[in-house]
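So the chains spell out like this:
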Amino acid sequence: MSEILFEYHKVNPTTWVYLSSLLTIGLYFKFSRVLSVRNLDLLGLIMLAPGLLVVEFGLSKENPAIEQVGYIWLFVWSGLFMIRLLLDPMMVRRPLLEPNLTVGGMTFLGISLLIFLMANVVNSKMTPDDLAGAKGAEQVRARQSSGPEDESLATHGPGYPLLHLLPSLSTQMLFIEDTGGQTPQEKDLRRDVVHIATARTMAILSHMAVVVGMVLIGYRHFDNIRTGIAAATLYLLLPYTAQLTGRVDHVLPAALLVWAVESYRRPLISGMLMGLAIGVIYYPAFLLPLWLGFYWQRGLLRFSLGVVITLALLVGSLAFTSDSMAAFWAQVQQMFGWTSLSPKDIQGFWSFHILDEVYRYPVLVLLVAFSFSLALWPAQKNLGTLMSCSAAVMLGTQFWHPHGGGLYMAWYLPLVLLTIFRPNLEDRVALSVLGEGWFPKRRAHLNGAEQAA
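Residues numbered from 1 in each chain as written. Predicted model: local features only at pLDDT ≥ 70, side-chain atom pairs only at ≥ 80, totals over all residues. Heavy atoms only, no water.

**Some details on the overall build of the chain**
Helices and strands together make up the secondary structure of the chain, namely 20 helices and 0 strands. A burial count over the chain gives 53% of its 453 residues as buried. Contacts spanning at least 24 positions in sequence make up 78% of the contacts within the chain whose residues lie at least 6 apart. (Helix = DSSP H or I, 4+ residues; strand = E, 2+ residues; numbered from the N terminus. Buried < 20%, exposed > 50% of the residue type's maximum accessible area, 1.4 Å probe, protein only. Contact = heavy atoms within 4.5 Å.)

**Focus: the environment of leucine 27**
By secondary structure assignment, the location of leucine 27 is in helix H1 (residues 13-28). The sequence separation of leucine 27 and leucine 101 amounts to 74 residues, and the corresponding C-alpha distance is 6.2 Å. Once residues lying within four places of it in the same chain are set aside, the contact partners of leucine 27 are Pro99, Asn100, Leu101, Leu109 and Leu237.

**Digging into a nonpolar patch on the surface**
Residues Ile72, Val76, Leu80, Ile83, Leu87, Met90, Leu376 and Trp377 make up a contiguous nonpolar surface patch of about 790 Å² in total accessible area. For isoleucine 72, the location among the structural elements is in helix H3 (residues 64-87). (Patch = residues over 30% accessible without salt bridge, like charges linked within 9 Å, V, L, I, M, F, W, Y side chains within 5 Å. Areas by Shrake-Rupley, 256 points an atom, 1.4 Å probe, with all protein chains shown as cover. Salt bridge = Lys/Arg side-chain N within 4 Å of Asp/Glu carboxyl O.)

**Describing helix H11 (residues 248-262)**
Helix length check: H11, at 15 residues, gives a terminal C-alpha distance of 21 Å against a target of 21 Å (1.5 Å per residue), a fit within 8%. Counted residue by residue, H11 has 14 buried out of 15 residues, so it is predominantly covered. (Expected span 1.5 Å × (residues − 1).)

**A word on the side chain of serine 78**
Looking at where serine 78 falls in the secondary structure, it is placed in helix H3. A relative accessible area of 3% means that serine 78 is categorised as buried. When residues no more than four places from it in sequence are discounted, the contact partners of serine 78 are Leu395, Phe399 and Tyr412.

**Section: the side chain of lysine 381**
Structurally, lysine 381 is set in the loop between helix H16 (360-373) and helix H17 (383-396). Within the buried set, lysine 381 has no salt-bridge partner at all; the shortest N-O distance to an opposite charge, 14 Å, is to aspartate 88. Polar side-chain contacts of lysine 381 include one of 3.0 Å to the backbone oxygen of leucine 374. Here alanine 375 takes part through its backbone oxygen, which lies 3.2 Å from a polar atom of the side chain of lysine 381. The residues touching lysine 381, leaving out its near neighbours within four places in the chain, are Leu290, Gly293, Phe294, Leu374, Ala375, Leu376 and Val429. (Lys, Arg positive; Asp, Glu negative; His and termini not counted. Polar contact = N/O pair within 3.5 Å; in protein donor to acceptor, adjacent residues only side chain to side chain.)

**Some thoughts on the environment of alanine 319**
Looking at the secondary structure, you find alanine 319 in helix H14 (residues 300-321). Once the C-alpha coordinates of alanine 319 and glutamine 331 are considered, the two residues, 12 residues apart in sequence, prove to be 9.1 Å apart.

**Side note on the packing of H1 against helix H9 (residues 225-237)**
Close contact between H1 and H9 brings their axes to 10 Å; oriented N to C, the two are set at 165 degrees. By the angle class used here, H1 and H9 are roughly antiparallel. Handedness of the crossing formed by H1 with H9: left-handed. When H1 is examined against H9, the residues Trp16, Ser20, Leu23, Thr24, Leu27 and Tyr28 are found in contact with a partner set consisting of Ala230, Thr233, Leu234 and Leu237. Residue composition of the contact of H1 with H9, by class: 7 nonpolar, 3 polar and no charged. (Axes fitted to C-alpha atoms, helices over the stretch in contact; angles between N-to-C directions. Parallel < 35°, antiparallel > 145°, perpendicular 65-115°, else oblique. Left-handed = near helix turned anticlockwise from the far one by under 90°. Nonpolar A, V, L, I, M, F, W, Y, C, P; charged D, E, K, R; others polar.)

**What to know about helix H18 (residues 413-421)**
Every α-helix carries 3.6 residues per turn, so stepping three or four residues along brings you back to the same face. The buried fraction of H18 is high, at 9 of 9 residues. Burial in H18 covers these residues: Leu413, Pro414, Leu415, Val416, Leu417, Leu418, Thr419, Ile420 and Phe421.

**Observations regarding the confidence of the model for the chain**
Averaged over all residues, the pLDDT of the chain equals 84, while 82% of them reach at least 70. When the criterion is pLDDT under 50, residues 143-152 qualifies, and its contacts beyond four places in sequence or with other chains add up to 15 contacts. (pLDDT = per-residue confidence, 0-100.)

**Points about the layout of surface pockets**
To find leftover empty space, one rolls a probe the size of a water molecule over the atoms. The space that makes up the second largest pocket amounts to roughly 310 Å³. Looking at the second largest pocket, it is lined by 19 residues, and the ones nearest its centre are Arg93, Arg94, Pro95, Leu97 and Ile420. Elements with a minimum of two residues in the lining of the second largest pocket: helix H2 (37-61) and H18. Residue contributions to the lining of the second largest pocket peak at 3 residues, all from H2. (1 Å grid on protein atoms, 1.4 Å probe; cavity = no way out; pocket = protein on both sides within 12 Å on 5 of 7 lines; lining within 4 Å. Points joined across faces, edges and corners; volume = space filled by probe spheres on them.)

**Examining the nonpolar core**
Counting 114 residues, the largest nonpolar core has Met214, Met274, Trp291 and Leu417 as the members making the most contacts within it. Broken down by element, the residue count for this core peaks at 10 residues, all from H11. In contact with tryptophan 291, not counting residues within four places along its chain, are Ala260, Val261, Ser270, Met274, Phe303, Leu386 and Ser390. (Core = buried A, V, L, I, M, F, W, Y, C linked by side-chain atoms within 4.5 Å.)

**Structural notes on the pattern of salt bridges**
Here the structure, examined in full by the defined rule, presents 9 salt bridges. Close ionic contact of aspartate 249 with arginine 247 constitutes a salt bridge, the shortest N to O distance being 3.0 Å. For the pair aspartate 249 and arginine 247, a shared accessibility class is recorded, and that class is buried. Salt bridges sharing common partners tie together Asp41, Arg84, Asp88, Arg94 and Arg422.

**Side note on the packing of aromatic side chains**
Each aromatic ring pair is specified by the distance between its two centres and by the angle formed by the two planes. Within this structure, the stated rule accounts for 16 aromatic pairs. Where tyrosine 283 meets tryptophan 411, the ring centres are 5.5 Å apart and the plane angle is 40 degrees; that geometry is what we call tilted. Taken as a pair, tyrosine 283 in the loop between helix H12 (267-281) and helix H13 (288-294) and tryptophan 411 in the loop between H17 and H18 lie far apart in primary sequence, 128 residues in all. The class of tryptophan 411 is buried, set by a relative accessible area of 3%. Both rings, one in phenylalanine 349 and one in tryptophan 350, keep their centres 5.2 Å apart while their planes meet at 90 degrees; by these two values the pair is edge-to-face. The structure contains a cluster of three or more aromatic residues connected by ring pairs, namely Tyr264, Trp291, Phe294, Tyr295 and Phe303. Lying across the ring of tryptophan 400, arginine 360 places its NZ or CZ 3.7 Å from the centre. (Phe/Tyr/Trp six-rings, centres within 6.5 Å; stacked < 30°, edge-to-face > 60°. Lys NZ or Arg CZ within 6 Å of the ring centre and 35° of its normal.)

Okay, structure coming up:
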């Protein structure tokens, strides 16, 4: 960016936390209703940032004690948000609390934030650590080794193995060292230019998809485009988005889930997007009881068929990219989460000596029980409960995820923001918004022609 904007320097993540927090309060805080739920939600979103910074500080200083404090902070506030999301279906009265800025101002701010965040992705400097997962994935995909490379890939799962051929882009760091020139490691990164370019492109397109999807949900399903723009702008304003902009494994599933919600009136398309999200990171599989319960009265077959077709295509693609049956089976296990049951190397909250890995299994049992309970509760599922409960499930997966659980906020943040800003959606149930056939628009047209005749 310094080549385009004179003497431009990236904003330090800590500084951005202060600036974005003040902007969030100034734009969205309702000073006339201080104790409103909206204001409490905003404060909760702001309080996630310190945990993220403490984790990054502990990693940069190689201090596990500090790192663990950050993860504990994230888990505590994530638990509070889980309670908030589960209470959301009971909040029937939802007064319209519009932002303190006009639509034009929010649109300008959102576009400006998007440009700067994407510029950070394009101009980010790669490090050898950023490419560790990609190199390990390439080795395992070809089944050339069963040593450290296997462990490298195992720390980036579960999910679609080919996704981890892409590097993790470090767009924001607490400490930036100026080496004054290219190091030997940086010169070696030139060989991975294709992987780097692909990762940057996918990160940019995924963030754009999240933003556009949130705006369309506000326009088409909330009947208020200002609400959609407000939620999308707040997503771009959050410190998390600025610090982990380039992580494809964070934002790509978020984009797929947002568009699955946006396409909920087209069960086949929504099912295909959900199947793709399950194939990419596996954890959206816990959403299936909820979504099947939503479509139970109408659209169940179309949604299920979309999920099955997409997963079959993804498994088929692994067969074509594997060199042997052993490699294919290893990739299938990686895709469907088998490797996460007993991971070789745990990173994050569960990696510290005061915790035992065995305690993860009761968390998994609770997550599975919670997931299946959503098939029955709430009994009458509408678009509002679909969003809030989906966010709760994806947030709950953070407590089980063995590799940095708590940091993958993009999996649930867009849905949380839409839940915070949504109006009353009790009338948006599958039985009233879906057509009976596979082509509702065409059948509606034919029925109108018959009645006219």
